[in-house]
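Chain by chain, the residues:
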Amino acid sequence: MKTILVVGGAGYIGSHIVKLLLKEKYRVITFDNLSTGYRHAVLGGEFFLGDLANRDDLRRVFQHYPIDGVMHFASFIQVGESVTHPDKYYQNNFVNTLNLLDIMLEQGVKACLFSSTAAIFGEPLYVPIDEKHPKNPANPYGRTKWMVEQLLNDYDRAYGLRAICLRYFNAAGADPECQLGECHEPETHLIPLVLQTASGRRKSITVFGQEYDTPDGTCIRDYVHIQDLCQAHLLALEQLLHGAPSDVYNLGNGAGFSVREVITSAQQVTQRNITVIYGASRAGDTARLVADATKARQQLGWNPQFADLSTIIQHAWQWELQQLQQKGRG
Ligand SMILES: NC(=O)c1ccc[n+]([C@@H]2O[C@H](COP(=O)([O-])OP(=O)(O)OC[C@H]3O[C@@H](n4cnc5c(N)ncnc54)[C@H](O)[C@@H]3O)[C@@H](O)[C@H]2O)c1
Ligand SMILES: O=c1ccn([C@@H]2O[C@H](COP(=O)(O)OP(=O)(O)O[C@H]3O[C@H](CO)[C@H](O)[C@H](O)[C@H]3O)[C@@H](O)[C@H]2O)c(=O)[nH]1
């Protein structure tokens, strides 16, 4: 049985991965400081409360468990905040990742999966975006992720640390069994905000900008189901554990939906009225991000099962209704 350290495993994406790894019979150790994650979202395995900023925490976890590979999800993720508070982002996303990699090397662990993002590309020169597309991040969040990708490249060349970088486009949806879902605080992502408006938790959803160079003037994104992302991680992990060399993969469905289209689809799925306000554009946003995930399909054998936007929204809606019910009871 292989032992996997899931760094940031109490967060949205990490918690879904922990659930899948346990199902697949991996031994799972979650390392998290709970800054944005939740202890109750870690459904099994062992939990280690620790901070990437603290090399002693890291050393302890590596010395305590026979770790075969690391999955690194821990970072700050708000594009807008990264523009106003870049220090926070460079520190946690870059400097703290350096701590993790150095301790991995010190402890002889040389296999890592890294959560990268479409935000490394910036305003695209062409869509869909393949792995070779030039990198020109439009905000500090994207820059920190691109810096880590480059760092990983250098660490492989110099120290033989193999890494697979998975560049998610927009992670969305929830565990189809409704045990887990998205719970960011504050929530900044479009689909959960739209659904919280549909459920009555929020009064309205503000559309950020209507003058982008897109058919309806609102930003286009490629939403990918959390469960499909998890499957891609599993495939990449298996390759990495079997000695595959470092690589990068774009993960998305290759279909772009505008902010307006997402709201319309949410109205259809929920059958609720959603009050929309049109506001200014958000700093750091790009008009259109759509993935070309051919490489992941061909080399990893990735085959997304929930590519349909309405299914993604349906699962997130199921989760939102459950959250609301629990809050009502509490
Ligand atoms: N959500 C998306 O759409 C999306 C898209 C592309 C990439 N990503 C990347 O995926 C990863 C996970 O995103 P998410 O939405 O699950 O975020 P999240 O905030 O829900 O999860 C991050 C987790 O990392 C933990 N963490 C943060 N800093 C830490 C530190 N210094 N030490 C220990 N633990 C720490 C948090 O407590 C949290 O549990 C991030 O790296 C993010 O950049 C997310
Ligand atoms: O209240 C809102 C929230 C979002 N949006 C718009 O909806 C789209 C999606 O926004 P999200 O905040 O849901 O996600 P992002 O596209 O900003 O995603 C970025 O941040 C993510 C991490 O949080 C990932 O890293 C992703 O790759 C990166 O592009 C954007 O055009 C945004 O302007 C609104 O109009 N109103």
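Because the structure is a prediction, the values reported are computed rather than measured.

Caption draft 1: Structural detail: the nonpolar core. Counting 97 residues, the largest nonpolar core has Val6, Val7 and Leu251 as its most contacted members. Both domains that meet at this core, namely domain 1 (3–171 + 225–251) and domain 2 (190–221 + 254–323), each give it at least three residues.

Caption draft 2: Just the site of ligand 1, in detail. Within the structure, ligand 1 sits among 27 residues, and Gly8, Gly11, Gly37, Ala74 and Ala171 are positioned closest to it. Looking at the shell around ligand 1, the elements that each hand over two or more residues are helix H1 (12–23), helix H4 (86–106), strand E5 (111–117) and strand E7 (170–172). If you tally residues by element for the shell around ligand 1, the top one is H1, at three residues. Across the shell around ligand 1, the residue classes break down as 11 nonpolar, 14 polar and two charged.

Caption draft 3: Spotlight on the packing of helix H2 (residues 55–64) against H4. Contact pair H2 / H4: the axes reach a minimum separation of 10 Å and the direction vectors enclose 40°. Along this stretch, H2 crosses H4, giving a crossing that reads as right-handed. Contacts between H2 and H4 involve Arg55, Leu58, Arg59 and Phe62 from the first element and Asn99, Leu100 and Ile103 from the second. Its residues placed into classes, the contact of H2 with H4 shows four nonpolar, one polar and two charged.

Caption draft 4: Here's a closer look at the UniProt feature "domain: NAD-dependent epimerase/dehydratase" (unreviewed entry) in the protein chain. Sites flagged by UniProt as "domain: NAD-dependent epimerase/dehydratase" (unreviewed entry) map to residues 4–252. With 38% helix and 20% strand, the stretch residues 4–252 has end C-alpha atoms that lie 25 Å from each other.

Caption draft 5: Expanded view of the site of ligand 2. As a matter of local geometry, ligand 2 sits amid 22 residues, with Thr117, His189, Leu190, Phe208 and Cys219 nearest to it. Ranked by residues supplied to the shell around ligand 2, first place goes to strand E8 (residues 205–208) with four residues. Across the shell around ligand 2, the residue classes tally to 14 nonpolar, five polar and three charged. Domain assignment of the residues forming the shell around ligand 2 places at least three in each of domain 1 (3–171 + 225–251) and domain 2 (190–221 + 254–323).

Caption draft 6: Fine view of the sheet that holds strand E12 (residues 257–258). The three strands lie next to each other as E12-E9-E14, forming an open sheet whose pairing is mixed. Since the sheet does not close on itself, it has two edges, and those belong to E12 and strand E14 (288–289), each with one partner. Where strand E9 (residues 220–221) meets E12, two bridges bridge the pair, whose relative direction is antiparallel. Looking at E12, one finds that Arg221 is bridged to Phe257.

Caption draft 7: Quick look at helix H7 (residues 226–241). Between its first and last C-alpha atoms H7 spans 22 Å; for 16 residues at 1.5 Å apiece the expected length is 22 Å, and the two agree. When we look at burial in H7, the residues that qualify are Ile226, Gln227, Asp228, Leu229, Cys230, Ala232, His233, Ala236, Leu237 and Leu240. Within two residues after H7, Gly243 carries a phi angle of roughly 95°, on the positive side.

Caption draft 8: Structural detail: the pairing of strand E2 (residues 27–32). Counting buried residues in E2 gives five out of six residues, a clear majority hidden from the surface. The sheet contact formed by strand E1 (residues 3–7) and E2 spans five bridges and is parallel. Following the sheet pairing, Leu5 is matched in E2 by Ile29. Regarding the hand of the β-α-β motif, the stretch spanning E1, H1 and E2 is right-handed.

Caption draft 9: Seen up close, the packing of H1 against H7. Between H1 and H7, the shortest axis-to-axis distance is 10 Å and the interhelical angle comes to 60°. One way to sum up the angle between H1 and H7 is to call them oblique. Considering only the axes of H1 and H7, their crossing is right-handed. Judged by residue contacts, Ile13, His16, Ile17 and Leu20 of H1 engage Ile226, Leu229, Cys230, His233 and Leu234 from H7. Residue composition of the contact of H1 with H7, grouped by class: seven nonpolar, two polar and no charged.

Caption draft 10: Layout of the domain arrangement of the protein chain. The domain architecture assigned to the protein chain consists of domain 1 (3–171 + 225–251) and domain 2 (190–221 + 254–323). Centre-to-centre, using C-alpha coordinates, domain 1 lies 24 Å away from domain 2. It is H7 that provides the largest number of residues to the side of domain 1 that touches domain 2, a total of seven residues. For the side of domain 1 that touches domain 2, a count of residues per class yields 14 nonpolar, 10 polar and four charged.

What counts as what
- Residues numbered from 1 in each chain as written.
- Chains lettered and ligands numbered in written order.
- Predicted model: local features only at pLDDT ≥ 70, side-chain atom pairs only at ≥ 80, totals over all residues.
- Core = buried A, V, L, I, M, F, W, Y, C linked by C-beta atoms within 7 Å.
- Buried ≥ 20, exposed ≤ 12 C-beta atoms within 10 Å, placed from the backbone.
- Domains from an automatic or database assignment.
- Near = placed C-beta within 6 Å.
- Helix = DSSP H or I, 4+ residues; strand = E, 2+ residues; numbered from the N terminus.
- Nonpolar A, V, L, I, M, F, W, Y, C, P; charged D, E, K, R; others polar.
- Axes fitted to C-alpha atoms, helices over the stretch in contact; angles between N-to-C directions.
- Left-handed = near helix turned anticlockwise from the far one by under 90°.
- Contact = placed C-beta atoms within 7 Å.
- UniProt positions renumbered as here; feature names shortened; annotations may be inferred.
- Pairing = 2+ DSSP bridges.
- Expected span 1.5 Å × (residues − 1).
- Right-handed = clockwise from strand over helix to strand, strands pointing away.
- Parallel < 35°, antiparallel > 145°, perpendicular 65-115°, else oblique.

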